[in-house]
Amino acid sequence: MEWLKAILKWLGLWTVKATPSTPEVKPTTQTTSPSVKQLAEEIVKREGGYVNDPDDPGGATKWGVTIGTMKSLKIDLNNDGTVNVSDVKLITPELAADIYLKHYFVKPKINKLPEVLQASVFDMYVNSGNNAVKILQRLLTDMGFPCTADGSIGPATIKAAQAAYEKSPNYIADAYGIARRNYYYALADARPASRKYARRKDGGKGGWIVRAEEFISPKYHLTEAQHRARVSRWK
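Now for a description of the structure that goes with this document. The residue numbers shown here count from 1 along each chain, following its written sequence. Only residues with pLDDT of 70 or above have their local features reported here, since the model is predicted, and side-chain atom pairs are shown and tallied only from 80 upward, although totals for entire chains, interfaces and linings are computed over all residues. Side-chain figures throughout are based on the complete set of non-hydrogen atoms in the structure, without hydrogens or water.

### Describing the environment of Lys235
What counts is decided by this rule: Strands here are runs of E lasting at least two residues and helices are runs of H or I lasting at least four, both read from the DSSP assignment and numbered beginning at the N terminus. The classification of residues rests on relative accessible area computed with a 1.4 Å probe and restricted to protein chains. Under 20% of the type maximum is buried, over 50% is exposed, and intermediate values are partly exposed. Contacts are assigned to residue pairs with any non-hydrogen atoms lying within 4.5 Å of each other.
Mapping Lys235 onto the fold places it in the segment after helix H12 (224-230). Take Lys235: its relative accessible area is 89%, and that puts it in the exposed class. Spatially, the C-alpha atoms of Lys235 and Arg195 are 9.2 Å apart, while their sequence positions differ by 40 residues. If near-sequence neighbours (up to four positions away) are discounted, Lys235 is found in contact with Arg195 and Arg199.

Written out as structure tokens, the structure reads:
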């Protein structure tokens, strides 16, 4: 397990004290997760209604579906011959969930990953496109299961993910969640306009961080003090 401890340390868990007890050994079969439809519906609720934040590169968005996605899928809901903000405003939660299932879960082959990873990768794919897969691919490579970080799930990535899961079924989901959290912090480091998504006005955890930690075991959540220390250099 030394290789796993090293990876978890690299991911930022060096601030978390390890418990002296031996981790529970679980069967190698995948655990039961909510249905894919339930996951899609939960993501829709998490994304919320219509917004058009000038600091969000995604532009006009409703239930998490961006105007860019609408245009690429040619979804003209008002049948006026063009796809624009008016169409975004007409998106229903049911349509959004259907788009997620077809284009953010099945099409990118997230359904081919170990089940314990699917919810978090799916949620991140909705939030950040193929960066969700790149985060996973970099993590798998650092864990000793190399694959190219190209943002596409193919045979090599599926094989690497399954091998990593079989090697460490109790940690892989947390490791991905932490890598995702680190990605958000790094993105906000590099793009000041995005810091409001990672840090609230009062300095607490912003939506991005809270969202990532929904898929991380509570023992690996950052304390408020740790979060504030992480963002302390931001203006």
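### A word on the packing of helix H5 (residues 93-106) against helix H6 (residues 115-128)
For the record, the criterion: Axis geometry follows a simple rule: fit a line to the C-alpha atoms, using only the stretch in contact for helices, then measure angles between N-to-C directions, giving values from 0 to 180 degrees. In what follows, roughly perpendicular refers to angles from 65 to 115 degrees, roughly parallel to angles under 35, roughly antiparallel to angles over 145, and oblique to any angle outside these ranges. Following the grouping adopted for this structure description, the nonpolar residues are Ala, Val, Leu, Ile, Met, Phe, Trp, Tyr, Cys and Pro, the charged ones are Asp, Glu, Lys and Arg, and the polar ones are all others, Gly among them.
Viewed as axis vectors pointing N to C, H5 and H6 meet at an angle of 105 degrees, and their least axial separation amounts to 9 Å. For the element pair H5 / H6, the angle class is roughly perpendicular. Only Gln118, Phe122, Tyr125 and Val126 of H6 make contact with H5, whose side of the interface consists of Tyr100, Leu101, His103, Tyr104 and Phe105. Class assignment of the residues belonging to the contact of H5 with H6 gives a composition of 7 nonpolar, 2 polar and no charged.

### Here we look at helix H2 (residues 36-47)
Filter applied, for reference: One fewer than the residue count of a helix, multiplied by 1.5 Å, yields its expected span. Comment: arc refers to directions from the helix axis out to C-beta atoms.
Taking 1.5 Å of rise per residue, 12 residues should cover 16 Å, and H2 covers 17 Å from first to last C-alpha, within 8% of that figure. Those residues of H2 that sit buried are Leu39, Ala40, Ile43 and Val44. Each buried residue of H2 sits inside an arc of 140 degrees when the element is viewed along its axis, so together they form one side. Of the exposed residues in H2, those oriented more than 90 degrees away from the buried face are Lys37 and Lys45. In the core, the buried residues of H2 are packed alongside H5, H6 and helix H11 (207-213). Directly beyond the C-terminal end of H2, a positive phi value near 85 degrees is found at Gly48.

### With respect to the packing of aromatic side chains
What counts is decided by this rule: Here a pair means two rings of Phe, Tyr or Trp (six-membered ring of Trp) with centres within 6.5 Å. Their orientation is stacked below 30 degrees between planes, edge-to-face above 60, and tilted elsewhere.
Inspection of every chain in the model, using the stated rule, returns 7 aromatic pairs. Between the aromatic rings of Phe105 and Phe122, the centroid separation amounts to 4.9 Å while the plane-to-plane angle is 55 degrees, which identifies the pairing as tilted. Placement of Phe105 in helix H5 and of Phe122 in helix H6 is noted, with a sequence separation of 17 residues between them. Across this residue pair, the class does not change: Phe105 and Phe122 are buried. Aromatic side chains Tyr197 and Trp208 sit 5.1 Å apart centroid to centroid with 40 degrees between the ring planes, which places their arrangement in the tilted category.

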